[in-house]
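Structural overview
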Amino acid sequence: MSNGDVNGGPRQKREVLIEQSSQNSQGRDPRRNKKKPLGVGYSVRKSPLYDNCFLHAPDGQPLCTCDRKKAQWYLDKGIGDLISIDPFVVRLRFEPSGRPESNVDYYLTVKENLCVVCGKRESYIRKNIVPHEYRRHFPIQMKDHNSHDVLLLCTACHAVSNYYDSNLKQQLAVEFCAPIGCEEGVRMLEDTTRRQVRSAARALLNASRLPEHRKKELLAEIKGFYCIEEVTEETLKETANLETRICNETYIPHGLKVVQCFATGGLKSLMELEKRWRQHFLDTMQPKFLPQQWSVDHNHSKLIRKYGEDLPIKLA
């Protein structure tokens, strides 16, 4: 074992940070703070998320539930026939690209418009169980049929869930050296040379009582920066407004870096990231009204059968 490990090197410090972050996620539940109302400022849905319309194959096999707008689209295009109004059922006139593997498929279940955590039937909004900043970088094969990970939460439960999500994000940030912060602050770096030159120009424009030797020093900085022999009034004004931030070419957004780290282990590894977020939601929120067939392993065995564990991972 290296001295670094014995004396609390980077590896040991990272393990401590992960443990501390994990402990934080177990305590200080925002719901216990009676003085601060939860979910204030959220924009709630004005219409239900689930219309529970049904699409059927030409032979009558149920394919999935969908919203009314999508079901009506098949009718308007003349590629579906209305079979029933209540429930609203449309039978397709063409063979679908895929069919459910069983009659207990998640996408065949009727879903209620209520908070899956507490059961509240109003003031709810969509919740992405796997945050978009990670999901957006998943390979296309893992993006199909991802409505499984979009659930309804009331505004109060949504605020609590976001609190716990921030804890898990911090754990991932420590585990994979993928810092979280102001994205613009990481994407753009402050260039000290450009800042010094800008300060020199502002001093020359605004400080009329500068000693002559100091003026020469400041002018020399500007000449050296632009590789010019003479500094005009126009040059001074332009330099006084010089952009001091430069693009950080090594910048990788937190979500992308985490997904990249999991992707090195292949399809199964990426599924573990997806499963981790799903399990995190179950552990922290303990939802009592999840749709039937909702599962932390949803679609995983199907993906393995279809693409194999050795599927080349191409991140979005």
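Residues numbered from 1 in each chain as written. Predicted model: local features only at pLDDT ≥ 70, side-chain atom pairs only at ≥ 80, totals over all residues. Heavy atoms only, no water.

If you check an unreviewed UniProt entry, the protein appears there as Exonuclease 3'-5' domain-containing protein 2 from Staurois parvus.

1. A look at the sheet that holds strand 4 (residues 89-92)
Our working rule: Strands are labelled as partners when DSSP assigns at least two bridges between them. Secondary structure counts use DSSP, requiring at least four H or I residues in a row for a helix and at least two E residues in a row for a strand, with both numbered from the N terminus. Between N-to-C directions, angles span 0 to 180 degrees; the directions come from axes that are lines fitted to C-alpha atoms, helices contributing only their stretch in contact. The contact rule is simple, with two residues in contact once any of their heavy atoms fall within 4.5 Å.
In space, the four strands of this open sheet follow the order 2-1-4-3, with mixed pairing throughout. The sheet is open, and its two edges are formed by strand 2 (62-66) and strand 3 (80-84), each paired on a single side. The mean inter-strand angle of the sheet, taken between neighbouring strand axes irrespective of direction, is 30 degrees. In this sheet, strand 4 lies alongside strand 1 (residues 53-56) in parallel orientation, the contact comprising three bridges. From the neighbouring strand, Phe 54 faces strand 4, where its bridge partner is Val 89. On the sheet, helix 3 (residues 68-76) packs against strand 1, strand 2, strand 3 and strand 4 and is oriented at approximately 40 degrees with respect to strand 1.

2. Regarding the packing of helix 11 (residues 267-285) against helix 12 (residues 300-307)
Which entries qualify depends on this criterion: These descriptions rest on fixed angle ranges, namely under 35 degrees for roughly parallel, over 145 for roughly antiparallel, 65 to 115 for roughly perpendicular, and the rest for oblique. Helix crossings are classified by the rotation of the near helix relative to the far one: an anticlockwise turn of less than a right angle makes the crossing left-handed, while a clockwise turn makes it right-handed. We call Asp, Glu, Lys and Arg charged. Ala, Val, Leu, Ile, Met, Phe, Trp, Tyr, Cys and Pro are nonpolar, and the rest, Gly among them, are polar.
Helix 12 packs onto helix 11 with a crossing angle of 165 degrees between their chain directions and a minimal axis gap of 11 Å. Between helix 11 and helix 12, the angle is such that the two are roughly antiparallel. When the axes of helix 11 and helix 12 are compared, the crossing they make is right-handed. Contacts between helix 11 and helix 12 involve Leu 267, Lys 268, Met 271, Glu 274, Lys 275 and Arg 278 from the former and His 300, Leu 303 and Ile 304 from the latter. In terms of residue class, the contact of helix 11 with helix 12 is made up of four nonpolar, one polar and four charged.

3. Comments concerning the nonpolar core
Our working rule: Note on terminology: a nonpolar core comprises buried Ala, Val, Leu, Ile, Met, Phe, Trp, Tyr and Cys residues joined through side-chain atoms within 4.5 Å. Classification of residues uses two cut-offs on accessible area relative to the type maximum, computed with a 1.4 Å probe and protein chains only: under 20% is buried, over 50% is exposed, and between them is partly exposed.
In this structure, Val 117, Leu 151 and Phe 281 are the most contacted members of the largest nonpolar core, which totals 33 residues. Within the second largest apolar cluster, 18 residues are counted, among which are Val 258, Val 259, Leu 267 and Met 271.

4. Looking at the packing of aromatic side chains
Given two aromatic rings, their pairing is described by the distance between the two centres and the angle made by the two planes. Definition in use: Centres within 6.5 Å are what make two rings of Phe, Tyr or Trp a pair, Trp counting through its six-membered ring; a difference in plane orientation under 30 degrees is then read as stacked, over 60 as edge-to-face, and the rest as tilted. Two thresholds decide whether a charge sits over a ring: the Lys NZ or Arg CZ must be within 6 Å of the ring centre and within 35 degrees of the ring normal.
Counted by the stated rule, this structure contains seven aromatic pairs. Residues Tyr 74 and Phe 94 carry aromatic rings whose centres are separated by 6.3 Å and whose planes lie at 35 degrees to one another, so their mutual orientation is tilted. A residue pair is termed long-range when its members are at least 10 positions apart, and Tyr 74 in helix 3 and Phe 94 in the loop between strand 4 and strand 5 (124-128) qualify at 20 residues. Ring centres 5.0 Å apart and planes at 85 degrees place the aromatic pair Phe 225 and Tyr 226 in the edge-to-face group. Against the face of Phe 88 rests Arg 68, its NZ or CZ located 3.8 Å from the ring centre. In this arrangement the basic side chain of Lys 111 is found over the ring face of Tyr 106, its NZ or CZ atom lying 4.6 Å from the centre.

5. Things to note about the pairing of strand 2
Judged by how many residues are buried, strand 2 sits mostly within the fold: four of five residues are covered. Of the strand pairs in this sheet, strand 1 and strand 2 are connected by four bridges, and their pairing is antiparallel. Note that in strand 2 the partner of Leu 55 across the bridge is Cys 64. What sits between strand 1 and strand 2 in their antiparallel hairpin is a turn of five residues, with Gly 60 showing a positive phi close to 95 degrees.

6. With respect to the environment of Arg 214
Rules: Whenever a nitrogen or oxygen atom comes within 3.5 Å of another N or O atom, the pair is scored as a polar contact, on the condition that within protein one atom can donate a hydrogen and the other can accept it, and that pairs from neighbouring residues in sequence are kept only if both atoms are in side chains.
Structurally, Arg 214 can be placed in helix 8 (residues 212-226). A relative accessible area of 33% places Arg 214 in the partly exposed class. A sequence separation of eleven residues divides Arg 214 from Ala 203, and the C-alpha atoms of the two residues are 10.0 Å apart. Side chain to side chain, Arg 214 and Glu 217 meet in a polar contact 2.9 Å long.

7. Topic: the pattern of salt bridges
Formally: A pair is scored as a salt bridge if a Lys or Arg side-chain nitrogen falls within 4 Å of a carboxyl oxygen belonging to Asp or Glu.
Inspection of the entire model under this criterion finds 17 salt bridges. The closest approach of N and O atoms between Arg 195 and Glu 190, which form a salt bridge, is 3.7 Å. A relative accessible area of 41% places Glu 190 in the partly exposed class. Put simply, Glu 243 and Arg 245 hold a salt bridge, and the shortest N to O gap is 3.3 Å. Of the residues examined, Glu 243 reaches a relative accessible area of 40% and is grouped as partly exposed. Taking the relative accessible area as the measure of exposure, Arg 245 reaches 36% and is therefore partly exposed. What you see here is one network of salt bridges that share partners, running through Arg 135, Asp 149, Glu 274 and Arg 278.

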